[in-house]
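So the chains spell out like this:
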Amino acid sequence: MNADPLPSDAHLMPTYGRLPVALSHGQGCWVWDTQGRRLLDGLGGIAVNTLGHNHPRLVPALQDQIGKIIHSSNYYRVPLQEQLADKLCELSGLANVFFCNSGLEANEAALKIARKFGHDRGNTSPEVLVFEGAFHGRSLATLSATANPKIQAGFGPLVQGFVRVKLNDIAAVEAALDAHPNITAIFLETIQGEGGINPARIDFLQALRRICDERDLLLMLDEVQCGIGRTGKWFAHQWAGIKPDVMPLAKGLGSGVPIGAVICGPRAAGVLKAGNHGTTFGGNPLAMRAGVETLKIMEEDGLLANAEAVGATLKAALAEGLAGETGVVEIRGQGLMLGIELDRPAGVLLGQALDAGLLISITADRVVRLLPALILTHDEAREIAARLVPLIKSLLAQPKP
Ligand SMILES: *Cc1c(COP(=O)(O)O)cnc(C)c1O
C-alpha cells in the first residue's frame, strides 16, 4: 500500500493541525481508515456521533428523508421542526425553540436574546457574565465570550459587553453583578468541554438559578457538548434539578448531521419576535429528521442509562489502570464525557493513541478527553481503557518537561 495514499491538502486553509489519517467508514463505535486499519472511536466526532456510525435505524430514516425533501425554506411551515421542538420542550421542560446549524450559531442566538432581553427593559448597553475556561465558539461574538486567549489572538477588536469571573465562585459572581448593573444574563457551559472537562458544581448552578430569579437575569446554559444524554440525563443541568432560561444545543442532536438549537424557557421565549433572527439552512427537514430520529432511538434503546452505566465502567477502568500514578491530577466528568488531567502536556498521546488503534482528544493542553458514542458497550469501554492506560503510563514514566 502507498505510504501516503491521500490526495494533497495544499488547497485547504491550514486551520487545523490534522493527524495523517482519513476515516473511510464506520460501524457502531469502530471506524476504518483509508488504509483498512480498524480503530476504536473514543471521540465520537467530538461528542457528535451520538448513535455511533452507520446506525441501522438512523441511516434508513435519513435515506427516506433525502428521497422526500432535504431543504424547503423557513418561508413555509416545516412539520419536522414542529415535531422536534415539541420533543425538546418535553425533555427540557422549556417553552420554545429556534433551530440553526451549529454550536456557535446557537450561542449567537442566545447572546442576541440576552441583549434584546436588556433592551426590552430599557438597558441599552446590556452585558453578559461569562467564565474563565469557557468555550462558546469561534464567531466574533462567541470567541469574545470564550476565555482562551489563543482563540482570540489576532481577531480584535473583540465584541464588547462581556464580564468574566472564575467558575464555581459564587462570591465572584455576586461581586461582578454588583459592579456591573448592566449585566442581563449569566452564560456558562454546564460542564466545560474544550476548557478541560470542568463541571459547574451542583450547588453553584442552584445558586445561579436563585440569583437570576432574584435579579431578573437570564441563566443561559451552553449544553452544546454536554447535552443530549451524554451525562446520563437529557441535559447536564438536570442533575442539579434546575432549569435554564436559555439553552443552546448542537453537537450530538443530529448524530452527525449538522444542527443547532436554542431552547428558551418562559422568561426568554417571547424575546425574539418576527424579523429579529433567521437563517437559511436552520431547521431544514434533513437535519430535523436526524434530530427526531436521534432522540427517538435514544429513548427506545435506553441510551441515557447506557451512557451512565458504561461511563461508570470506563471511569472505573481508567481509575484502576492509572491507580498510583502521581502524574494523574484527576479523572473527572460524568457519563460519557470524561477527562483525565495529567501534570504535563499530553498532545503527544494523540498520535500514539492512533497507532494503538484509538481515537481520543487532548484539550486544555493536559487533559485527555473521551466523548464516545452513547451506544458504547461495557466491553468497548474496557477496551478504550486497555489501549489508553499504557500510553499515559509511559508518558508519565518520562521525566516531566
Ligand atoms: C463545540 C462547542 C461550541 C461550538 O460549536 P460549533 O458547532 O463548533 O460552532 C460551542 N460551545 C460548546 C460548549 C462547544 O463544545
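Since the model is a prediction, treat every value here as computed from it, not as a measurement.

1. Quick word on the site of the ligand
Argument step 1. Close to the ligand lie S102, G103, L104, N107, F135, H136, E189, D222, V224, Q225 and K251, which account for all nearby residues.
Argument step 2. A distance of 2.7 Å separates an oxygen atom of the ligand from a polar atom in the side chain of Q225.
Argument step 3. For the ligand, whose unbound accessible area comes to 380 Å², protein coverage reaches 81%.
Argument step 4. Sort the elements by how many residues they give to the shell around the ligand and helix α4 (residues 103–120) lands first, with three residues.
Argument step 5. Of the residues belonging to the shell around the ligand, the class tally is three nonpolar, five polar and three charged.

2. Brief notes about the nonpolar core
Argument step 1. Formed by 65 residues in total, the largest nonpolar core has its most connected members in L88, L318, I340, L342, L349 and V368.
Argument step 2. Counting residues per element, this core draws most heavily on helix α12 (residues 378–397), at nine residues.
Argument step 3. If we ignore the near neighbours within four places in the chain, the residues touching L88 are V97, F99, F235, L249, L253, A261, I263 and L295.
Argument step 4. Listed in part, the 22 residues of the second largest apolar core include F131, I183, C212 and L217.

3. Examining the pairing of strand β13 (residues 328–334)
Argument step 1. Where β13 and strand β14 (residues 337–342) come together, six bridges link them in antiparallel fashion. Residue pairing for β14: E330 is matched across the bridge by E341.
Argument step 2. The antiparallel hairpin formed by β13 and β14 contains two residues in its connecting segment, where G335 sits at a positive phi of about 60°.

4. With respect to the UniProt feature "binding site: pyridoxal 5'-phosphate" (unreviewed entry) in the protein
Argument step 1. When the UniProt feature table is mapped onto this chain, "binding site: pyridoxal 5'-phosphate" (unreviewed entry) is found at F135, D222, E223, V224, Q225 and T280. A stretch of 146 residues holds the annotated residues, and the largest C-alpha distance among them is 25.3 Å, long enough that they do not meet in one place.
Argument step 2. With respect to the element layout, D222 can be found in strand β10 (residues 218–222).
Argument step 3. Taking relative accessible area as the criterion, D222 reaches 4% and is therefore assigned buried.
Argument step 4. D222 has contacts with N107, F135, H136, F187, L188, E189, T190 and P248, leaving out every residue within four places of it along the chain.
Argument step 5. Counting through the fold element by element, V224 comes out in the loop between β10 and β11 (246–249).

Rules used in this analysis
- Along each chain, residue indices are assigned from 1 in the same order as the chain's sequence is written.
- The predicted origin of the model limits local features to residues at a pLDDT of at least 70 and limits the giving and counting of side-chain atom pairs to 80 or more, whereas totals for whole chains, interfaces and linings rest on all residues.
- Think of the side-chain values as coming from all heavy atoms in the structure, minus any hydrogens and water.
- Here a residue counts as near a molecule or strand whenever at least one of its heavy atoms sits within 4 Å of it.
- Residues adjacent in sequence count toward polar contacts only when both atoms are side-chain atoms; beyond that, a polar contact is any pair of N or O atoms within 3.5 Å, and within protein one must be able to donate a hydrogen and the other to accept it.
- In short, Shrake-Rupley with a 1.4 Å probe defines the accessible areas, and a residue's cover is counted only from the protein chains shown.
- Secondary structure elements are defined from DSSP: runs of H or I of at least 4 residues count as helices, runs of E of at least 2 residues count as strands, and each element is numbered from the N terminus.
- The classification used treats Ala, Val, Leu, Ile, Met, Phe, Trp, Tyr, Cys and Pro as nonpolar, Asp, Glu, Lys and Arg as charged, and all other residues, Gly among them, as polar.
- Residues belong to one nonpolar core when they are buried, are Ala, Val, Leu, Ile, Met, Phe, Trp, Tyr or Cys, and are joined through side-chain atoms within 4.5 Å.
- Accessible area is worked out with a 1.4 Å probe on protein chains only. A residue is then buried under 20% of its type maximum, exposed over 50%, and partly exposed in between.
- The contact definition used throughout considers only heavy atoms, calling two residues in contact when any of these lie within 4.5 Å.
- At least two bridges found by DSSP between two strands is the condition for calling them paired.
- UniProt positions are given in the numbering used here, feature names are shortened, and annotations may be inferred rather than shown by experiment.

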